[in-house]
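Here is what each chain is made of, one letter per residue.
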Amino acid sequence: MLTAWQTVVFTMMYLYAARNFSTLVGLASPEPMANMYDAKYFRATWVLTALDAGFWTAMRIKRKWIRDIASLVFSLFYLVAAERADEKVRKVRGAVTVEHLRVSWNKGTTPYLQALQNLMRPRFTRWPPRAIRIPRPSTSDYKDPVSAWLYYDGPISDLEQINKMILDIPGGGFVAMDPRCNDDKLFAWAGKTGLPVLSLDYKKAPEFPYPYALNECFDVYTTIIRSKGRCIGMSGMETPKVVVTGDSAGGNLATAMTLMVTESATHRRNSSIQAELAIPAGLVLLYPALDMNIGNWMSDEQMSLIKDRRMRVTNKDYLRRKSMQYNDLVGTPHQSDDEDEEPSALAPGAIASKLVGGMDDDGLHSPHPEYSHANRQTWAKSQPPTVASNRDTTSMSHRPEPMRTRLAMASMISYFNDRVLTPELMRAMIILYIGPHNRPDFSQEYLLSPILAPDYLLQKFPKTYFLTGERDPLVDDTVIFAGRLRRVKHSFYSYRASQGMKGSEDITDFDEKDVAEVVLIPGISHGFTQFPSLYPPAWKLIDRCARWAVDLLNTAEARLQREQQIPQRHHMRTESSGDEDWPLEINMTKMRTRTISDEAKARSSNSEQAENESEARKLNGNTKRRSNGRFGFGQKSKSLVKLDSSDDLLGRRMQGLAGPLTGAHED
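The shown structure was predicted, so the numbers you read here are calculated from the model rather than taken from an experiment.

Q: How do you make sense of the overall build of the protein chain when you look at a structure like this?
A: When helices and strands are tallied, the protein chain shows 21 helices and nine strands. Across the 667 residues that make up the protein chain, the buried fraction comes to 51%. Surface exposure of the protein chain reaches about 32600 Å², of which carbon and sulfur atoms provide 54%.

Printed below as a string of structure tokens:
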């Protein structure tokens, strides 16, 4: 006679065996997606799929405590019934709404999953994160402060001895995920570097569509620079050096914000009311979304960047997979004699000479839609198709043009079946982020799609590290944007050298690693730093990003010291803004509040000049500061190669698209 619990166990085992009989006896067909990913990453996506299915099944339960428990119970069921989980997720993504996106991507902040994450995460810091609010600068159109979380392993008073920081902009498709969803990464960065990590909790779409979040990020950076870090507890004696980081949608905001800062530095945006801002020390971008246009095919301009001979080591495996797409479908080898060559019309030398020759033209200030999927894609720009009269008179058949470069598919379509980021999700995120009443020019709006950025902004863009999975649907954005950075800076460097400009060196001294470094991780896709508990190799990648950030900060400090040693004839100084004296507005969690004294607010012009001279002496080495972080990652890191009116037709169309996503219905 079986007991009750034995009956339950045997019943569950029987049901499992009956559902998975073919798999257990080895007769089932292999999982096609398993060969696409690394085994550990595929295992992590299997768990994530079960969690998504479980949380979406329980999302309609009204009582929160019941919903939280039911979400875990359903998730455990879907862990066993993996095919049911895949089917559930596929159906939901086909008619996804903003509520589905938030339930899925914010599940890490639910009490039970958060407690489990805290148990599995190594202890990096002794201090919890602090919720703070950053005031807006006086030049902003907005007045409400921006929420953020400050991760720092130490008391706030220690920040007075630090002049470096990391500004993180988290991802989440512009619609979900606050900084607490990235605790694993942010705690690790704060503990490994010993630096303050400020992560922004910007307002999300669709309630706050583009460009609200972008302006929030720009305003926070402006406040940090103008207040000289006093807004987060720094001494305010000198302008802090800032490294900007961002993942996924946060990478888009981080890049667009840096373009805004660079544009302000060239006195082209609000030059009469906005003082010049210091450009960030560098960027660390994790699988960034840099193109809001979804296309099918790669253009010649895009392929020329990818096939650049100087990047063949980094792009080798990535490019091989693109060239093998036809082979995989046909099943037979097919090799072109010239497929490894760049299109002759787009050779790097020709582009470089064109850029150098047009340094003073308006072309430098124009966006570049040819590197995006915004326009109709073109390939070999050869002679127009031959007319029938010019062909062989014995044949009237149409003949294709000779192939200049192999047809290649965009990564978004190549990996449309991705288990983390699908075209349906991308479509929903773009529609929600733009909103039904906004109609940007997708071929010109480079703050929406930074991959379109004009050359004059990329010339001054800081060094950027990219970390992306080779199987990521957004991997093209990384490779193309990095290629544009290298090409524009190389051409600008060549131009300065050819003109004999002051400070320019021989072109042979140009090092592309000083412009951008790309790391493509084989066998993985999107979002891997957000679930290191499920994908343990992500911890090493998070550590690598921390080393990159410290390396960028140390390089910026060394550059500043070299510049200060060069005598300058003219010292230009901007008047002190009232923004500099903003106090730190902070809400401590699980610890006593700490009062931070502020310096005197009223200074005469003479005292300001004396203070500047004193600061200059300190920066030259008379005063030692704790600025390199507690662990001092100073080594040079090496790359791994491995619409306005409701009566308007298009406006109504966009409302029709956005309505089902937001849950709103047209009147």
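Having seen the structure, we can now continue with the description.
Q: Help me understand the packing of helix α8 (residues 183-193) against helix α19 (residues 538-565), please; the structure alone is not making it clear to me.
A: The angle between the axes and the distance between the axes are what describe a pair of packed helices. Their axes nearest at 9 Å, the elements α8 and α19 cross at an angle of 50°. With respect to each other, α8 and α19 are oriented oblique. Of the two elements, α8 crosses α19, and the hand of that crossing is right-handed. Contacts from D184, K185, A188, W189, K192 and T193 in α8 reach W539, I542, D543, C545, A546 and V550 in α19.

Q: I keep staring at the nonpolar core and nothing clicks. Help me out?
A: One recurring pattern in soluble globular proteins is that nonpolar side chains are buried together. Ranked by internal contacts, the top residues of the largest apolar core, which has 133 residues, are L167, I169, L198, L253, M257 and L467. Of all the elements, α19 adds the most residues to this core, at 12 residues. Excluding residues that lie within four positions of it along the chain, L167 makes contacts with L198, L200, V220, Y221, I224, V242, V243, V244, T245 and M257. Y78, A85, V89 and V92 belong to the second-largest nonpolar core, a separate cluster that totals eight residues.

Q: What is the right way to look at the pairing of strand β4 (residues 197-200) in this model?
A: Each regular strand carries side chains that alternate between the two faces of the sheet. Neither face of β4 is left uncovered, since the one carrying V197 and S199 and the one carrying L198 and L200 both have all their residues buried. Both strand β2 (residues 146-151) and β4 contribute to a ladder of four bridges, which runs antiparallel. Note that in β4 the partner of L150 across the bridge is L198. The pairing of strand β3 (residues 164-169) with β4 spans three bridges and is parallel. Opposite L167, over in β4, you have L198 as the bridge partner.

Q: Help me out: how do you make sense of the pairing of strand β6 (residues 282-286) in this one?
A: β6 sits mainly inside the fold: five of its five residues count as buried. Burial along β6 is two-sided: G282, V284 and L286 and L283 and L285, pointing in opposite directions, are all buried. Two strands pair when backbone bridges link them, and strand β5 (residues 241-247) and β6 are joined in this way by five bridges, in the parallel orientation. Bridge pairing in β6 links T245 to V284. Sheet topology note: the β6/strand β7 (residues 464-469) ladder contains four bridges and is parallel. Paired with L285 across the two strands is F466, which belongs to β7.

Q: Looking at this structure, I do not really get the packing of aromatic side chains. What am I missing?
A: For any pair of aromatic rings, the description consists of the separation of the ring centres together with the inter-plane angle of the planes. Taken as a whole and assessed by the stated rule, the structure comprises 14 aromatic pairs. With a centroid separation of 5.6 Å and 90° between ring planes, the pair formed by Y41 and Y535 is classed as edge-to-face. Taken together, the positions of Y41 in helix α3 (residues 39-58) and Y535 in the loop between β8 (516-521) and α19 put the pair 494 residues apart, joining distant regions of the chain. Across the pair, Y535 and Y41 agree in class, each one buried. Taken together, a centroid distance of 3.7 Å and an interplanar angle of 10° make the contact between F174 and Y433 stacked.

Q: Teacher, can you tell me more about unusual backbone geometry here?
A: Phi is mostly negative for residues that are not glycine, and the peptide bonds are mostly trans. Here the residue pair A205 and P206 is connected by a cis peptide bond, since its omega of 5° sits within 30 degrees of zero. Structurally, the position occupied by P206 is in the loop between β4 and α9 (212-226). Across the junction of Y210 and P211, the peptide omega takes the value 10°, indicating a cis bond. Following the sequence through the fold, P211 ends up in the loop between β4 and α9. For F174, which is not a glycine, the phi torsion comes out positive at approximately 70°. Assignment of secondary structure puts F174 in the loop between β3 and α8. In this structure, Y287 takes a positive phi of about 35° despite not being glycine. When you line up the elements, Y287 lands in the loop between β6 and α11 (300-306). The exposure class assigned to Y287 is buried, which follows from its relative accessible area of 1%.

Q: Quick question: what am I supposed to make of the environment of V244 here?
A: Tracing the chain through its elements places V244 in strand β5. Note on V244: relative accessible area 0%, which makes it buried. V244 sits 77 residues away from L167 along the chain, and the two C-alpha atoms are 4.8 Å apart. Sequence-distant contacts of V244, defined by excluding residues within four places in its chain, comprise L167, I169, A254, M257, P280, G282, L283 and V284.

Q: Help me out: how do you make sense of the pattern of salt bridges in this one?
A: For side chains bearing opposite charge, pairing can occur when the charged atoms are close. Enumeration over the complete set of coordinates arrives at 21 salt bridges. Notably, a salt bridge pairs D184 with R121, separated by 2.5 Å at the nearest N-O pair. With D184 in helix α8 and R121 in the loop between α7 (111-120) and β1 (130-134), this residue pair connects regions lying 63 residues apart in the sequence. The two residues D184 and R121 agree in class, both being buried. The salt bridge partner of K203 is D144, with a shortest N-O separation of 3.6 Å. In this pair, K203 is assigned in the loop between β4 and α9 and D144 in the loop between β1 and β2, connecting sequence segments 59 residues apart. Look at the salt bridges and you will find they share partners, linking R136, D144, K203, E216 and D219 into a network.

Q: Mind showing me how you'd approach the packing of helix α4 (residues 64-80) against helix α5 (residues 82-94) here?
A: Orientation of α4 relative to α5, taken along the N-to-C sense of each, is 115°, at an axis distance of 5 Å. In contact with F77, Y78, L79 and V80 of α4, α5 contributes A82, R84, A85 and K88. Partitioned by chemical class, the residues of the contact of α4 with α5 number six nonpolar, no polar and two charged.

Conventions we followed
Residues numbered from 1 in each chain as written. Predicted model: local features only at pLDDT ≥ 70, side-chain atom pairs only at ≥ 80, totals over all residues. Heavy atoms only, no water. Helix = DSSP H or I, 4+ residues; strand = E, 2+ residues; numbered from the N terminus. Buried < 20%, exposed > 50% of the residue type's maximum accessible area, 1.4 Å probe, protein only. Areas by Shrake-Rupley, 256 points an atom, 1.4 Å probe, with all protein chains shown as cover. Axes fitted to C-alpha atoms, helices over the stretch in contact; angles between N-to-C directions. Parallel < 35°, antiparallel > 145°, perpendicular 65-115°, else oblique. Left-handed = near helix turned anticlockwise from the far one by under 90°. Contact = heavy atoms within 4.5 Å. Core = buried A, V, L, I, M, F, W, Y, C linked by side-chain atoms within 4.5 Å. Pairing = 2+ DSSP bridges. Phe/Tyr/Trp six-rings, centres within 6.5 Å; stacked < 30°, edge-to-face > 60°. Salt bridge = Lys/Arg side-chain N within 4 Å of Asp/Glu carboxyl O. Nonpolar A, V, L, I, M, F, W, Y, C, P; charged D, E, K, R; others polar.

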